[in-house]
Amino acid sequence: QVQLVESGGGLVQAGGSLRLSCAASGRTFSSYAMGWFRQAPGKEREFVAAITWSGGSTYYAVSGKGRFTISRDNAKNTVDLQMNSLKPEDTAVYYCAANLGGLRTTPAYYDYWGQGTQVTVSS
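Description of the structure in this document. What you see is a predicted model; the values in this text were computed from it and never measured.

A word on the nonpolar core
Membership of the largest hydrophobic core comes to 28 residues, with the highest contact counts inside it found for Leu4, Met34, Trp36, Ile70, Leu81, Met83 and Tyr94. For this core, the secondary structure elements donating two or more residues are strand S3 (18-25), strand S4 (33-39), strand S5 (46-51), strand S7 (68-73), strand S8 (78-83), strand S9 (92-99) and strand S11 (117-122). If you look at the next biggest cluster of nonpolar residues, it comprises 6 residues, including Phe47, Ala50, Ala97 and Tyr110.

As structure tokens, this is what we get:
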């Protein structure tokens, strides 16, 4: 079992940066591919980025490509999302999630979820 706790959200002006972090508990963290998702009010949860268990491969949604970077440190049981050039449309609750299958973009494939961290980008 994996427990996930996100941190690093907050209020930032458009064009600014935030770094989200997800801390995982459990000895099997390095077995899991990890993903970041977001959900804005009234909208479905959407994929943001994913990284394989080794960190060797990553995948990004079009919305974040070139602006967001996902990374992980298996020694520290953490996965981060560096977000640059933020836009008001990036405002959402951001969740990290774990799955055993790989670079999945569909929430249903993920087994474990954090509680989320709010990101608000002002114009």
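Some details on the side chain of threonine 52
Looking at the element boundaries, threonine 52 is found in the loop between S5 and strand S6 (58-60). When near neighbours in sequence (up to four residues on either side) are disregarded, threonine 52 contacts Ala33, Ser57, Arg72 and Leu103.

Re the state of the cysteines
Any covalent bond linking the sulfur atoms of two cysteines counts as a disulfide. Scanning all chains against the criterion turns up 1 disulfide. Disulfide pairing is shown between cysteine 22 and cysteine 96; the S-S distance is 2.0 Å. In this structure the cystine formed by cysteine 22 and cysteine 96 twists about its S-S bond by roughly 50°; its chirality is therefore right-handed. Remark: cysteine 96 occurs in strand S9 and cysteine 22 occurs in strand S3; sequence separation between them is 74 residues. The exposure class of cysteine 22 is buried, given its relative accessible area of 0%.

Thoughts on the packing of aromatic side chains
Counted according to the given criterion, the structure contains 7 aromatic pairs. With 5.1 Å between their ring centres and 55° between their planes, phenylalanine 37 and tryptophan 113 make a pair best called tilted. Of this pair, phenylalanine 37 sits in strand S4 while tryptophan 113 sits in strand S10 (residues 112-113), placing them 76 residues apart in sequence. By relative accessible area, phenylalanine 37 is classed as buried at 0%. Measuring from ring centre to ring centre gives 6.0 Å for tyrosine 110 and tryptophan 113, while their planes differ by 55°; the resulting arrangement is tilted. Of the residues examined, tyrosine 110 reaches a relative accessible area of 6% and is grouped as buried. Put simply, the rings of Phe37, Phe47, Tyr59, Tyr95, Tyr110 and Trp113 touch in pairs and so form one group of aromatic residues. Over the ring of tryptophan 113 we find arginine 45, and its NZ or CZ is 4.7 Å from the ring centre. Between arginine 72 and the ring centre of phenylalanine 29, over which it is positioned, the NZ or CZ distance is 4.5 Å.

Cut-offs and rules
- Residues numbered from 1 in each chain as written.
- Predicted model: local features only at pLDDT ≥ 70, side-chain atom pairs only at ≥ 80, totals over all residues.
- Heavy atoms only, no water.
- Core = buried A, V, L, I, M, F, W, Y, C linked by side-chain atoms within 4.5 Å.
- Buried < 20%, exposed > 50% of the residue type's maximum accessible area, 1.4 Å probe, protein only.
- Helix = DSSP H or I, 4+ residues; strand = E, 2+ residues; numbered from the N terminus.
- Contact = heavy atoms within 4.5 Å.
- Disulfide = S-S within 2.5 Å.
- Phe/Tyr/Trp six-rings, centres within 6.5 Å; stacked < 30°, edge-to-face > 60°.
- Lys NZ or Arg CZ within 6 Å of the ring centre and 35° of its normal.

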